Amino acid sequence: MKDISANGKRPGEAPLHYCLDDELYEELIDAVAGERVMSLALWEESVSDEGGVRPPPDQRILFDLDLYLENRMLLALYGTALYSDPESSPLRGWQQAGKIVQTLINNGIWLDEIAATEEDELVLILSRNHVPQLYLNVSGWTVEDWENLPGEQ
């Protein structure tokens, strides 16, 4: 589990956000909206794993993942549910979700829209040609710069 200090920051890193207010919305619009997703890292564990107990990989529905954007910004997303449609059930399974997101990235996908749930949780809408392909309902997030894509030195 990731170490979150009392001031809302992981040691030496960007602040962790849980609620999308107007100020954070504007910051995200300016920093990441409209950017192409270049890569991702999908973690086998999630901060949402209760009591450190991991669900079986094929049953996981909440994921921690990093989205690497073309403008060299990294969105670290925690406790994220992935939906192919807002009315559908979330994607299930670590390998299945990873394959779907990687295929979308390989075919070209953009962080097209930023929205919020009724509870002010962050929702990211990934699109191709402004047609939504994937909805990410995010429990917590940070925004940072990245230097190398996963697998690069």
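Up top is the structure.
A.B. asks: Which residues make up the pattern of salt bridges, and what are the values?
C.D. replies: When their charged atoms lie close together, side chains carrying opposite charge are able to pair. Considering all chains together, one arrives at three salt bridges under this definition. We note a salt bridge from Arg54 to Glu44, for which the minimum N-O separation is 3.7 Å. Of this pair, Arg54 sits in the loop between strand 1 (35-42) and strand 2 (63-69) while Glu44 is found in the loop between strand 1 and strand 2, placing the two residues ten residues apart along the sequence. A relative accessible area of 47% means that Glu44 is categorised as partly exposed. Arg60 is the salt-bridge partner of Asp49, the closest N and O atoms lying 2.9 Å from each other. On the criterion of sequence distance, the pair formed by Asp49 in the loop between strand 1 and strand 2 and Arg60 in the loop between strand 1 and strand 2 is long-range, its members being eleven residues apart. Both residues of the pair, Asp49 and Arg60, belong to the buried class.

A.B. asks: Before we move on, could you go through the nonpolar core and cite the residues and values that matter?
C.D. replies: Leu65, Leu67, Leu75, Leu77, Leu82, Leu124 and Leu136 are the most contacted members of the largest nonpolar core, which has 30 residues in total. Residue assignment for this core shows that the elements contributing at least two residues are helix 1 (22-31), strand 1, strand 2, strand 3 (73-83), helix 2 (94-107), strand 4 (110-116), strand 5 (122-128) and strand 6 (131-138). Those residues in contact with Leu65 that sit more than four places away from it in its chain are Leu40, Ala41, Leu42, Trp43, Leu75, Ala76, Leu77, Thr80, Leu82 and Leu136.

A.B. asks: For the side chain of Asp49, give the residues involved together with the corresponding values.
C.D. replies: The class of Asp49 is buried, set by a relative accessible area of 7%. Among the polar contacts made by the side chain of Asp49, one reaches the side chain of Arg60 at a distance of 2.9 Å.

A.B. asks: Could you give an account of the pairing of strand 1, naming the residues involved and the relevant values?
C.D. replies: Where strand 1 lies against strand 4, two bridges are found, and the strand directions are antiparallel. Bridge assignment links Glu35 to a residue of strand 4, and that residue is Leu111.

A.B. asks: Just give me the short version of the packing of aromatic side chains, but keep the residues and values in it.
C.D. replies: One pass over the structure, following the stated rule, counts one aromatic pair. Relative to Trp146, the ring of Tyr68 has its centre 5.8 Å away and its plane inclined at 75°; by these criteria the two rings are edge-to-face. Placement of Tyr68 in strand 2 and of Trp146 in the segment after strand 7 (140-145) is noted, with a sequence separation of 78 residues between them. Given the relative accessible area of 10%, Tyr68 is considered buried. Just above the ring of Trp146 sits the side chain of Arg72; from NZ or CZ to the centre is 4.1 Å.

Cut-offs applied
- Residues numbered from 1 in each chain as written.
- Predicted model: local features only at pLDDT ≥ 70, side-chain atom pairs only at ≥ 80, totals over all residues.
- Heavy atoms only, no water.
- Salt bridge = Lys/Arg side-chain N within 4 Å of Asp/Glu carboxyl O.
- Helix = DSSP H or I, 4+ residues; strand = E, 2+ residues; numbered from the N terminus.
- Buried < 20%, exposed > 50% of the residue type's maximum accessible area, 1.4 Å probe, protein only.
- Core = buried A, V, L, I, M, F, W, Y, C linked by side-chain atoms within 4.5 Å.
- Contact = heavy atoms within 4.5 Å.
- Polar contact = N/O pair within 3.5 Å; in protein donor to acceptor, adjacent residues only side chain to side chain.
- Pairing = 2+ DSSP bridges.
- Phe/Tyr/Trp six-rings, centres within 6.5 Å; stacked < 30°, edge-to-face > 60°.
- Lys NZ or Arg CZ within 6 Å of the ring centre and 35° of its normal.

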